[in-house]
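One letter stands for each residue in the lines below.
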Amino acid sequence: MAGILKEFRDFVLRGNVLDLAIAVVIGAAFTTVVNSMVANILTPFIAAIVGQPSFGSINFDIGDATIEIGLFLEAVVNFVIVAAVIFFFIIKPVNLLMERRKRGEAPADLPTPEEIQLLREIRDLLKTR
């Protein structure tokens, strides 16, 4: 029994399992943020420009069946909006940062080499006391 528990512990504490768990939690939190941005900022903005943003009432009947094409159109529009939010607010800025990093440009808020050297000297002085 102890061998199985050790094997399970090793499996759970393996790096990729923890990374996946963290990614799921962060993904769920990020989904909430993006959905809030779409529902509370972009959709009302679109409604102000175009009118009613809901396509839910668009449908047609074929025999006894009702085809609710509006709900499908609404899902497609929401998908496009969410994809645009992710692209313009996450992907583009991250790509810009990665490009700068590749070129060797550090973001402005990182300490300069002189500041790092001064901090090392202060650290060494404190150690000697």
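Just so it is clear, the structure is predicted and the values come from calculations on it, not from any experiment.

The rules behind the values
Residues numbered from 1 in each chain as written. Predicted model: local features only at pLDDT ≥ 70, side-chain atom pairs only at ≥ 80, totals over all residues. Heavy atoms only, no water. Phe/Tyr/Trp six-rings, centres within 6.5 Å; stacked < 30°, edge-to-face > 60°. Buried < 20%, exposed > 50% of the residue type's maximum accessible area, 1.4 Å probe, protein only. Salt bridge = Lys/Arg side-chain N within 4 Å of Asp/Glu carboxyl O. Patch = residues over 30% accessible without salt bridge, like charges linked within 9 Å, V, L, I, M, F, W, Y side chains within 5 Å. Areas by Shrake-Rupley, 256 points an atom, 1.4 Å probe, with all protein chains shown as cover. Helix = DSSP H or I, 4+ residues; strand = E, 2+ residues; numbered from the N terminus.

## Things to note about the packing of aromatic side chains
The final tally for this structure, using the stated rule, is one aromatic pair. Residues phenylalanine 87 and phenylalanine 88 carry aromatic rings whose centres are separated by 5.0 Å and whose planes lie at 85° to one another, so their mutual orientation is edge-to-face. A relative accessible area of 37% means that phenylalanine 87 is categorised as partly exposed.

## Quick notes on the pattern of salt bridges
The final tally for this structure, using the stated rule, is one salt bridge. A salt bridge links aspartate 124 to arginine 123; the nearest nitrogen and oxygen atoms lie 3.2 Å apart. The exposure class of aspartate 124 is partly exposed, given its relative accessible area of 37%.

## Re a nonpolar patch on the surface
Nonpolar side chains collect at one region of the surface, where Ile58, Phe60, Ile62, Ile67, Ile69, Phe72, Leu73, Val76, Phe79 and Val80 lie side by side and expose about 890 Å² of accessible area between them. Among the secondary structure elements, those contributing two or more residues to the nonpolar patch are β1 (60-62) and α3 (69-103). By residue number, the principal contributor to the nonpolar patch is α3, which donates six residues. Mapped onto the elements of the fold, valine 76 is located in helix α3. A relative accessible area of 36% places valine 76 in the partly exposed class.

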